[in-house]
Amino acid sequence: MNDEHQFLESYSLSDYERPSVTADIVVFRLRTEESDNYRQDSKSKLSLLLIRRGGHPFKDCWALPGGFLNPGETIEDCALREVEEETSLKPASLLSIGLFSEPDRDPRGWIISNAFVSVLGAEKVSFKAGDDAKEAKWFDVSFETENSDSVLTLSCGEIILRAVLNEEKSSFGMTSYKIADSGGIAFDHAKIIAKALTALRTAARDFEMIFDFLPEKFTLTELQNVQETVMNISVLPANFRRKIAGYVEETEEYTQGAGHRPAKLYRRK
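The present account deals with the structure reproduced in this document. Predicted, not measured: the structure shown is a model, and the values here were computed from it. Along every chain, residues carry numbers that run from 1 in the direction the sequence is written. Given that this is a predicted model, residues contribute local features only at a pLDDT of at least 70 and side-chain atom pairs are listed and counted only at 80 or more, while totals for whole chains, interfaces and linings are drawn from all residues. The basis for every side-chain value is the complete set of heavy atoms in the structure, and neither hydrogens nor water enter the calculation.

1. Quick notes on the overall build of the protein
- On a plain count of helices and strands, the protein comes out with 5 helices and 12 strands.
- Surface summary for the protein: the accessible area is close to 15,200 Å², and the carbon and sulfur share equals 47%. Helix and strand assignments follow DSSP, with helices taken as H or I runs no shorter than four residues and strands as E runs no shorter than two, numbered in order from the N terminus. Using the Shrake-Rupley algorithm and a 1.4 Å probe, accessible areas are obtained, with residue cover drawn only from the displayed protein chains.

2. Some thoughts on a nonpolar patch on the surface
- Taken together, the side chains of F7, L8, Y11, L13 and Y16 define a hydrophobic patch exposed on the protein surface, amounting to about 540 Å² of accessible area.
- On the secondary structure map, Y16 appears in the loop between α1 (2-10) and β1 (20-33). Exposure above 30% relative accessible area and no salt bridge define the residues that can form patches, which grow by joining like charges within 9 Å and nonpolar side chains of Val, Leu, Ile, Met, Phe, Trp and Tyr within 5 Å. Salt bridge, as applied in this entry: a Lys or Arg side-chain nitrogen positioned within 4 Å of an Asp or Glu carboxyl oxygen.

3. Structural notes on the packing of aromatic side chains
- Stacked, tilted and edge-to-face are the three classes assigned to paired rings of Phe, Tyr and Trp, where Trp is represented by its six-membered ring and a pair needs centres within 6.5 Å; plane angles under 30 degrees give stacked, over 60 edge-to-face, the rest tilted. Tallied over the entire structure, the rule returns 8 aromatic pairs.
- Judged by centre distance (5.9 Å) and plane angle (25 degrees), the rings of Y11 and Y16 are stacked.
- Classification of residues uses two cut-offs on accessible area relative to the type maximum, computed with a 1.4 Å probe and protein chains only: under 20% is buried, over 50% is exposed, and between them is partly exposed. The exposure class assigned to Y11 is partly exposed, which follows from its relative accessible area of 38%.
- Ring geometry for F211 versus F218: centroids 5.8 Å apart, planes at 55 degrees, classification tilted. The same class applies to F211 and to F218, which are both buried.
- Site record: aromatic cluster; members linked through ring pairs are F7, Y11 and Y16.
- When the ring centre of W138 is taken as origin, the NZ or CZ atom of R29, which lies over that ring, is 4.7 Å away. Ring-over charges, as used throughout, are those where CZ of Arg or NZ of Lys falls within 6 Å of the ring centre and within 35 degrees of the ring normal.

4. Section: the pattern of salt bridges
- For the coordinates displayed, the defined rule picks out 18 salt bridges.
- In this structure, R81 engages E82 in a salt bridge whose closest nitrogen and oxygen atoms are separated by 3.0 Å. Residues R81 and E82 agree in their burial class; the two are buried.
- Its salt-bridge partner being E85, residue R81 comes within 3.3 Å of it at the nearest N-O pair. Of this pair, R81 and E85 both sit in helix α2 (residues 75-87), 4 residues apart, which is roughly one turn of that helix.
- Relative accessible area serves as the criterion here: at 35%, E85 is assigned to the partly exposed category.
- Where salt bridges share partners, they join R52, D60, E135 and K137 into one cluster.

5. Considering unusual backbone geometry
- In this structure, the amide linkage connecting H56 to the following residue, P57, adopts the cis form with an omega of -5 degrees.
- Tracing the backbone through its elements, the reader meets P57 in the loop between β2 (43-53) and β3 (62-63).
- One non-glycine residue with positive phi stands out, namely D60, at about 70 degrees.

6. Considerations on the side chain of R81
- On the basis of relative accessibility, which here comes to 19%, the residue R81 falls in the buried class.
- Of note is the side chain of R81, whose polar atom sits 3.0 Å from the side chain of E82.
- Pairs of residues are marked as contacts when any of their non-hydrogen atoms sit within 4.5 Å. The residues touching R81, leaving out its near neighbours within four places in the chain, are F68, N70 and E73. Polar contacts, as counted here, are pairs of nitrogen or oxygen atoms within 3.5 Å of one another; within protein the pair requires one atom able to donate a hydrogen and one able to accept it, and residues that are adjacent in sequence qualify only if both atoms are side-chain atoms.

Right, dumping it as structure tokens:
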């Protein structure tokens, strides 16, 4: 113990180069487009939250909410704080999707980002821009393969951001990407979003995280719609209900509303 005490007394962190540390957060929700025909089900789109930067670098460009780690806080605390400061939203949970540490990823210097995914339910979508964000908007997400490229398209009204990425490697259910064209998305956030989407789709395939998009009680049709929207697939209802049976339990309640037969409500087991 004496040797360790002497070692720590003479040890100086300033003798070593150290990076700055940030957190970036990919916040997803489902946006519902109501149908004019009450006999038709409403359509859902996967959306993510972006902020328009108020300062340099990448001033006026769209970016993920995030910021620098403060002394005395965990990186998870930093992520939650930055989302709340920039958008007024309070995510309930975070999924880490890894570190982004390329030396030239930030023009300000050596900055390592810890990236997270968070999901908001339908009842938690009111927000406003704050801190150093000029605006905060929800962008509908499309992530498709074109030839050998992965194309990420984010759209909000007349604003369309289109990034082109190349798949680098895949391990532990997550895929990493290299940016061929950022499409105007700030920093390396296009590759963070792409990795977040692959992680979210992997989780949705195994019925993880899809419950977070819904209120506590839901119909099986609503739950199937979440999985189909997130994964961009179609599933036969009978197959979905067979696979989801072990994850849900019935309640004694039913939906209410004109134009539809009442449907039984379920909750996560």
